[in-house]
Amino acid sequence: MDPVTHGVIGLAISAFSGNPVALSNPVSLGCAIGAMAPDIDIIGKMWGDFVYLKHHRGITHSIPVLVGLAAIITGGLSFFYADFSSLQVFFWTFVGCLSHTLFDILNSYGAKLLMPFTKKKSKIGILMLYDPVITVLAFLLIFNKQNTPWFLLLVSSIFILYLGSRWLIKQQLMKFIEIYYSHGYKVVNVEMLPALLAFYKWDFIVNTNSHNIVGQINMMTKKITERKKFKRPDQETIELFEETNIGKYFKDFSTNYHILRANEGDQIVLKSIDLRYFLKNNFMHHATVIYDRERNIRHSFFHPYKIQRRILVSEVE
């Protein structure tokens, strides 16, 4: 989700504090700022997209740093408000910070909530980057003048039922896709992701013993649109790519990627594709490794957001 949407959600969550929802209220303001604060990792862009994407939704989204961010925000707000309950503002600011990471986990990119104990991203993958239902519920909490316990319970129940329905839809579609492709392939696993732009569609990646298949399914009509089908690479190609610095980075960056191999003159060219995000008739993230015939690495590149962008990656340890 974008920082503004996170901030709106944080402002809405402050309604549960029993205080009026207003930016003049330090509890509401702390919760809203806290809900945006973990995206402070955007400063990584100063060193380029390679560094930014490597650390995005990492340590700044972890519990220890969320506690630190909440403390810093609470300390900052104390200079601007006379009637100030530090413990209350800190608690709700931390709740706002935590909501940011939890909502990031609910979409397909995930976040490292448990870092530094584990570097693995946690993800559930049931919400789009922008979700209209969540936005409507947030506005109801912000603009409703009487947030009574019954009203808060009603909104909470709708939220939980909505998340539950999205999870059930995901499970049903995964099963449907698995059965659909099992007629012609031996399916290894199926990954479902909320579509980037269409609320009623889901993207899928089917890994079989012979191919990697990427497509989209309409959850209303069950119509399947197959976007790309790649023949699985041999083990030598996989090992050649994964032994490089960009290969290690890409393996950590993407949970599902495919490697293409081509011989171009006296060079072996490996092109890796992040299969998760498909936009404007192409995949968003790519990587390239160029070997000579003696298997020495000549160049490695990272292509963030579109294939035309090219960031040179050092292979010197």
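Preceding this paragraph is the structure being described.
Keep in mind that this is a model prediction, so the values were computed, not measured.

S.K.: Explanation requested: the overall build of the protein chain in the structure shown.
M.R.: Assigned secondary structure in the protein chain consists of nine helices and eleven strands. For the C-alpha atoms alone, the extent of the protein chain along its principal axes is close to 75 × 50 × 30 Å. Considering the protein chain as a whole, with its 317 residues, one finds that 48% of them fall into the buried category. Here the analysis covers contacts within the protein chain between residues at least 6 apart in sequence; of these, 49% occur between residues at least 24 apart. Accessible surface computed for the protein chain: about 16,200 Å², of which carbon and sulfur atoms make up 63%.

S.K.: I keep staring at helix H2 (residues 26–36) and nothing clicks. Help me out?
M.R.: Because an α-helix completes one turn every 3.6 residues, residues spaced three or four positions apart along the sequence face the same direction. When you tally the buried positions in H2, you get nine out of eleven residues, the bulk of the element. For H2, the complete set of buried residues consists of Pro26, Val27, Ser28, Leu29, Gly30, Cys31, Ala32, Gly34 and Ala35. Tucked into the core, H2 has its buried residues touching helix H1 (3–13), helix H4 (63–77) and helix H5 (86–106). Of the residues that open H2, the one with a side-chain oxygen 3.0 Å from the backbone nitrogen of Val27 is Asn25.

S.K.: Got a minute to help me understand the sheet that holds strand S10 (residues 297–303) in this structure?
M.R.: The strands making up a sheet associate through backbone hydrogen bonding, with each pair oriented either parallel or antiparallel. Taken together, the five strands give an open sheet; going across it, the order is S5-S6-S9-S10-S11, and neighbouring strands pair in antiparallel fashion. At either end of the open sheet lies a strand with only one pairing partner, and these are strand S5 (257–264) and strand S11 (311–312). Relative to S11, S10 runs antiparallel, the two sharing two bridges. Across the sheet, Phe301 pairs through a bridge with Leu312, a residue of S11. On top of the sheet, helix H8 (residues 235–242) reaches S5, strand S6 (267–274) and strand S9 (286–292); it is set at about 100° to S5, its chief contact.

S.K.: Sorry if this is basic, but what is going on with the nonpolar core here?
M.R.: It is characteristic of soluble globular proteins that their nonpolar side chains tend to be buried jointly. Ranked by size, the top nonpolar core spans 38 residues in total, and within it Leu127, Ile177, Met192, Phe204 and Ile217 carry the most contacts. Counting only elements with at least two residues in this core, the list comes to H1, H2, H4, H5, helix H7 (149–182), strand S1 (187–194), strand S2 (201–208) and strand S3 (211–218). A total of six residues in this core trace back to one element, the largest contributor, which is H5. Beyond its immediate sequence surroundings of up to four residues, Met192 is in contact with Gly125, Lys170, Leu173, Met174, Ile177, Trp202, Asp203, Phe204 and Ile217. Among the nonpolar cores identified, the runner-up in size contains 30 residues, and Leu240, Phe253, Tyr277 and Met284 belong to it.

S.K.: Could you clarify how one ought to interpret the environment of His258 in this entry?
M.R.: Residue position: His258 is located in strand S5. A distance of 2.9 Å separates a polar atom in the side chain of His258 from a polar atom in the side chain of Asn212. There is a polar contact of 3.4 Å between the side chain of His258 and the backbone oxygen of Lys231.

S.K.: So what exactly am I meant to see when it comes to the environment of Gly7 here?
M.R.: Tracing the chain through its elements places Gly7 in helix H1. Judged by its relative accessible area of 8%, Gly7 is buried. Put simply, Gly7 and Val136 are 129 residues apart on the chain and 14 Å apart in space, counted from C-alpha to C-alpha. With sequence-adjacent residues up to four places away left out, Gly7 is seen in contact with Ala32, Ala35 and Met36.

S.K.: Sorry if this is basic, but what is going on with the pattern of salt bridges here?
M.R.: Proximity of charged atoms lets side chains of opposite charge pair with each other. One pass over the full model with this rule turns up eleven salt bridges. The closest approach of N and O atoms between Asp49 and Arg309, which form a salt bridge, is 2.6 Å. Taken together, the residues Asp49 in helix H3 (residues 49–55) and Arg309 in the loop between S10 and S11 connect sequence positions 260 residues apart. Between Asp266 and Arg298 there is a salt bridge, with the nearest N and O atoms lying 3.2 Å from each other. Pair noted here: Asp266 is in the loop between S5 and S6 and Arg298 is in strand S10, with a separation of 32 residues, a long-range link. Under the relative-accessibility criterion, Arg298 is labelled partly exposed at 38%.

Reading the values: the criteria
Residues numbered from 1 in each chain as written. Predicted model: local features only at pLDDT ≥ 70, side-chain atom pairs only at ≥ 80, totals over all residues. Heavy atoms only, no water. Helix = DSSP H or I, 4+ residues; strand = E, 2+ residues; numbered from the N terminus. Buried < 20%, exposed > 50% of the residue type's maximum accessible area, 1.4 Å probe, protein only. Contact = heavy atoms within 4.5 Å. Areas by Shrake-Rupley, 256 points an atom, 1.4 Å probe, with all protein chains shown as cover. Polar contact = N/O pair within 3.5 Å; in protein donor to acceptor, adjacent residues only side chain to side chain. Pairing = 2+ DSSP bridges. Axes fitted to C-alpha atoms, helices over the stretch in contact; angles between N-to-C directions. Core = buried A, V, L, I, M, F, W, Y, C linked by side-chain atoms within 4.5 Å. Salt bridge = Lys/Arg side-chain N within 4 Å of Asp/Glu carboxyl O.

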